[in-house]
Amino acid sequence: MKTRVYLSVWRVLNGAQELGQGPIFWTLFVLLSLALLVYGFVGSIFSLSNLANFFAYVPMALGLCFLWGYSGVLSFGQAAFFGIGGYVYGLVAGNLVGTWGGTLLAAACGIGASMVIAAAFGYFVFYGQVSGWIIPLLTLVLSLILETFMGQTAGYQWRLGRVLFGGYNGMTGIPSLRIGPLEFTGASTAFYFLVVAAIITVYLSLRFLVNSRHGYAVIAVREDAERTRMLGYNVDLIQVQVFTLAAGLAGLSGVLYVSWGNYMNPSSMGLVPATLPVIWTAVGGRHSLLAVLLSTVSLKWLADSLAVRGGEYAFLILGALLLITMLFFPSGIVVSMAQKWRSRSRQRAIAAHTESSKDNQTRGIS
Amino acid sequence: MTPTGRTTKKQNLLQVQDLTKSFGGVRAVNHVNLVVDYGELRCLIGPNGAGKSTLFSLLSGLQKPDAGRIFFKDKEITSLPPFRRVRRGICQKFQTTRIYRGLTLSENLFIAKQVLNESANRNGRLSWALKTLGIEAEAERPAGELPHSHQQWLEICMALATEPDLLLLDEPTAGMTPEEAALTAEFVINLNAQGMTVIVVEHDMAFVRQIAQFVTVLHYGSIFAEGTLAQIESNSDVRRIYLGEQ
Amino acid sequence: MSPAYIVSLLYQYADNVAFLLLAALGLMIILGVIDIINLAHGELIMMGAYITTLAYNRAHLPLPVCMVLSVIGVGLFGMFLERTVIRRFYNDKLGALVATWGVGLILSQGNLLLLGPSMPSVPLPEWTISYEGYSFGGYRLLLFSVAILVVLVAWWFFYKTRLGVQTRATMQNAKMAQSLGVDTRRIYLFTFAIGSALAGLTGALYAPTTTIVPLMGTTFVDVAFITVVVGGGANPILGALTSSAFLSVISTELSSVFGTFTGRIGLLIAALVVIRFLPQGISGYLRDIKRRRMARVST
């Protein structure tokens, strides 16, 4: 009985709705994960901290990949839910300093707040069965309005308990996640391991989800929503659930980010932050979780390197990258590369096969 | 009056009262009253534009009627959204195939069989159907690459996968060769013999003749005539409305 | 409630309506005809503001001339954009959204690099009208008149000119229009140019009233997007009018009691509620009512 469950879990995890199957892929995956973990013991605190910062954004990007690539809904709202997660965490954690488990409760509140607001937003949008372009617009507006709103919360009257909202300067001094004596600050190896564990868990869970029957339901909605209704699915509810899950992942990223940097400000929710997840997802390839994971880390690293040398060009380059991707690599750069590699190896296999059968023929073997 | 002469409500699977639907200035369905028994195999025929497909979309919930009521298993479903009707046991196979073209045949069926008629008992009809129609072998092919008749059969199987009590087939043999249509006819008869109630909308009179028990004729959105196949075929008014179209 | 107070409320209302109309009309026309959302709309408005400001400050041209330059300049850029980017996405609405967003990002960031973080703005024409202790800006009243004028011109164009009728035909059914001899590609090009030119006009008109920074487009687009969502693409002119009229009631009311950006949150919530019950926006709802009325008449 138990082997049956493991086999079916394996079958789902290895399913067709995501790039990369088979023993070679999984070996590489395990090796890479191990390498990441080992690096936690040998790398310098500086590079670990940097890497951890990039990794913290991965859940948010994977959430958008699931929402956009698998469910067909484009949202500019991940930044808004990132901010909500971070700010609510800050509000709760700042007031529970000294309480055991206070930061964990704060994390739950932060992620929970993102999901509740997303569910409310989703109710209006999905149960109205609106046209596709409405959601990108309204989520963009949500991000912009939240940025403006939080930007003008300077002043002593804007606070909860002893935590000030902080206006444009943002909320500072937010305590990092902490379990007992173990503190997950930005400059700690503990945080690095936490984030690596988080992204591996999120990736594998989402990978499992997209190949399960719930994942197929989501894909069916993307392919033909009305047809899926006619097969008995409550499509509106499914879409709200996917939207809420993506927001929860964005909230998780927000909580991780705040634990890393101990601050959160409105500019994390504005125009450019709202676009970044869309760029990462589009450039990587929205139909593959792995592609988005890779592109997010690479593009964050790219922006980081540019910030040192010529920071002003960073967003210009990202904008150009987005445009080029949409025009010439519509399925994403990583996904296009993977598809080309796959078809080339298939062509090589076919060529080898015809070569060997030709050889067999000339030798008189059929 | 139902085909078997019963008039008591309890035996009716589907009862349509005074159903009306207009589009723009056209009245597509005009005060239709219809009763379908458990276990019937009913054919719905009529000239082009008679309102057959509109009636189906009112039954499955794609469209809301302007007036009238629909009862299924003695419960009113008039304002129920489509997905709830599927869960009650009505499933439609569409006129133009709406399968998930990018997914394989088995993936299509996997999606179709997740949500079931809540009052159904599992009875293995889907595997029987797949075997009879002969599309099992193509399980891993993308549905969009299947030949047209196989796509139609896949759609029927997807509808069956929800284990309906009432199956609505909208022109199931559209685009099929006579041999494929005959196979489909035999399939529908066998399905009905196993107890499935089926309503079929069809243009192809040869197909209708192979399967029909009781026939309802629609014309300009109203019920024009009802009766056995023999009665309808000998009805001169019915012949007139068809010949008039030709 | 003194009459002067009511007048002041009306003034604020007219001001809000003008802002919404001018910010959204170009976007709605493009949406209505081509069924595409141009996310670079804010940057086109910014472009219009910059052209006017530069022409005024550097070339010392009279203000109306600067504004005309904006309209022409942004309109031409719109044509260029349509040719190079937009037309590849007619069958990919979400793709068009993302691609135009990339364009907008390039425009705003490029502008930041080229012209710096801000620029001295055109001085606001000093026309104040005083009444019973309230003072009203004459320039903003002018903006309201221009907004109404633009709507009238648009209406005249769509309903009274041949090109306008062809455009409406394309809007209803592009394939049918094509088979009747309408050059739909040229209609799309022209429509996008007009929508862009209107954005340029908005930027030019509001340039004297606001700070000139590369990201100034965002203050226009968040209300423009809400207006578009509430109005719907079924009838751009009617949608823009009804939507701005309705939304301005909410924002004027909220702003006068709570302050400007509670006004904006109120607008977002209003948009969400409207969209839940009128998913095609107000103009879509009105179109459905008309269709239903036609059905009843013929029976």
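Residues numbered from 1 in each chain as written. Chains lettered and ligands numbered in written order. Predicted model: local features only at pLDDT ≥ 70, side-chain atom pairs only at ≥ 80, totals over all residues.

Quick look at the overall build of chain A
Which entries qualify depends on this criterion: Labels follow the DSSP assignment, with helices taken as runs of H or I lasting at least four residues and strands as runs of E lasting at least two, numbered in each case from the N terminus. We compute the radius of gyration over the C-alpha atoms and compare it with the globule rule, which gives 2.2 Å times the number of residues raised to the power 0.38. Counting other C-beta atoms within 10 Å of a residue's C-beta gives its exposure: the residue is buried at 20 or more, exposed at 12 or fewer, and partly exposed in between, where C-beta atoms are placed from the backbone.
Along its length, chain A carries 15 helices and six strands. Computed over C-alpha atoms, the radius of gyration of chain A comes to 23 Å, within 12% of the 21 Å expected from 2.2 N^0.38 for 366 residues, which places it in the range of a compact globule. A principal-axis box enclosing the C-alpha atoms of chain A has dimensions of 90 × 55 × 55 Å. When burial is assessed residue by residue, chain A has 49% of its 366 residues classed as buried.

Considerations on the interface of chain B and chain A
The criterion, for reference: Working definition of a contact: two residues with C-beta atoms, positioned from the backbone, lying within 7 Å. Residue polarity follows a fixed list, in which Ala, Val, Leu, Ile, Met, Phe, Trp, Tyr, Cys and Pro are nonpolar, Asp, Glu, Lys and Arg are charged, and the others, Gly among them, are polar.
Residue-level contacts link 17 residues of chain B with 14 residues of chain A. Counting only elements with at least two residues in the side of chain B that touches chain A, the list comes to α2 (82-88) and α3 (105-112) of chain B. Partitioned by chemical class, the residues of the side of chain B that touches chain A number nine nonpolar, five polar and three charged.

Structural notes on the confidence of the model for chain C
Residue and element names in this part refer to chain C. Test applied: The predictor's confidence in any single residue is recorded as pLDDT, a number from 0 to 100.
When pLDDT is averaged across chain C, the result is 88; 98% of the residues are at 70 or more. When mean pLDDT is compared element by element in chain C, helix α3 (residues 63-84) scores highest at 94, while strand β1 (residues 128-131) scores lowest at 75. Here the predicted complex scores 0.90 on pTM and 0.87 on ipTM.

Digging into the sheet that holds strand β5 (residues 75-76) of chain B
Residues and elements named next belong to chain B. The line we're drawing: The pairing criterion is simple: DSSP has to find at least two bridges between the two strands.
Taking strand neighbours across the sheet as the criterion, the four strands line up as β2-β1-β4-β5 in an open arrangement whose pairing is antiparallel. The open sheet has two edge strands with one neighbour each: β2 (26-37) and β5. With two bridges joining them, strand β4 (residues 67-72) and β5 adopt antiparallel strand pairing. Looking at β5, one finds that Phe71 is bridged to Glu76.

Digging into the interface of chain C and chain A
At the junction of the two partners, chain C supplies 34 residues and chain A supplies 37 residues. Elements supplying a minimum of two residues to the side of chain C that touches chain A: α4 (93-115), α9 (217-231) and α11 (260-277) of chain C. Residues of the side of chain C that touches chain A, tallied by class, amount to 24 nonpolar, five polar and five charged.

Focus on the pairing of β1 of chain C
Sheet faces and side chains relate simply in a regular strand, where the side chains alternate between the two faces. In terms of strand pairing, β1 of chain C meets strand β2 (residues 134-137) of chain C through four bridges, oriented antiparallel. Across the sheet, the residue bridging to Thr128 of chain C is Gly137 of chain C, located in β2 of chain C.

What to know about the nonpolar core
Note the following rule: Each nonpolar core consists of buried Ala, Val, Leu, Ile, Met, Phe, Trp, Tyr and Cys residues. Their C-beta atoms, within 7 Å, join them into a set.
Residues Leu62 and Leu322 of chain A are the most contacted members of the largest nonpolar core, which totals 277 residues. Considering each element in turn, this core owes the most residues, 17 residues, to helix α1 (residues 3-34) of chain C. With residues up to four places along the chain from it excluded, the contact list for Leu322 of chain A reads Ile279, Ala282 and Val283 of chain A together with Val98, Trp101, Gly102 and Leu105 of chain C.

Focus on the sheet that holds strand β10 (residues 222-228) of chain B
Residue and element names in this part refer to chain B. This is how the line gets drawn: Where helices are involved, their axes are fitted lines through C-alpha atoms of the stretch in contact, as for all axes, and angles between N-to-C directions lie from 0 to 180°.
With mixed pairing, the six strands of this open sheet are ordered in space as β6-β7-β8-β3-β9-β10. The open sheet is flanked by β6 (90-93) and β10, the only strands paired with a single partner. Averaged over all neighbouring strand pairs, the angle between strand axes comes to 20°, with direction disregarded. Bridge count between strand β9 (residues 214-219) and β10: six bridges; the pairing is antiparallel. Across the sheet, Val215 pairs through a bridge with Gly227, a residue of β10. Where helix α1 (residues 52-60) meets the sheet, its contacts fall on β3 (41-45), β6, β7 (166-170), β8 (197-201) and β9, and the angle it forms with β7 comes to roughly 150°.

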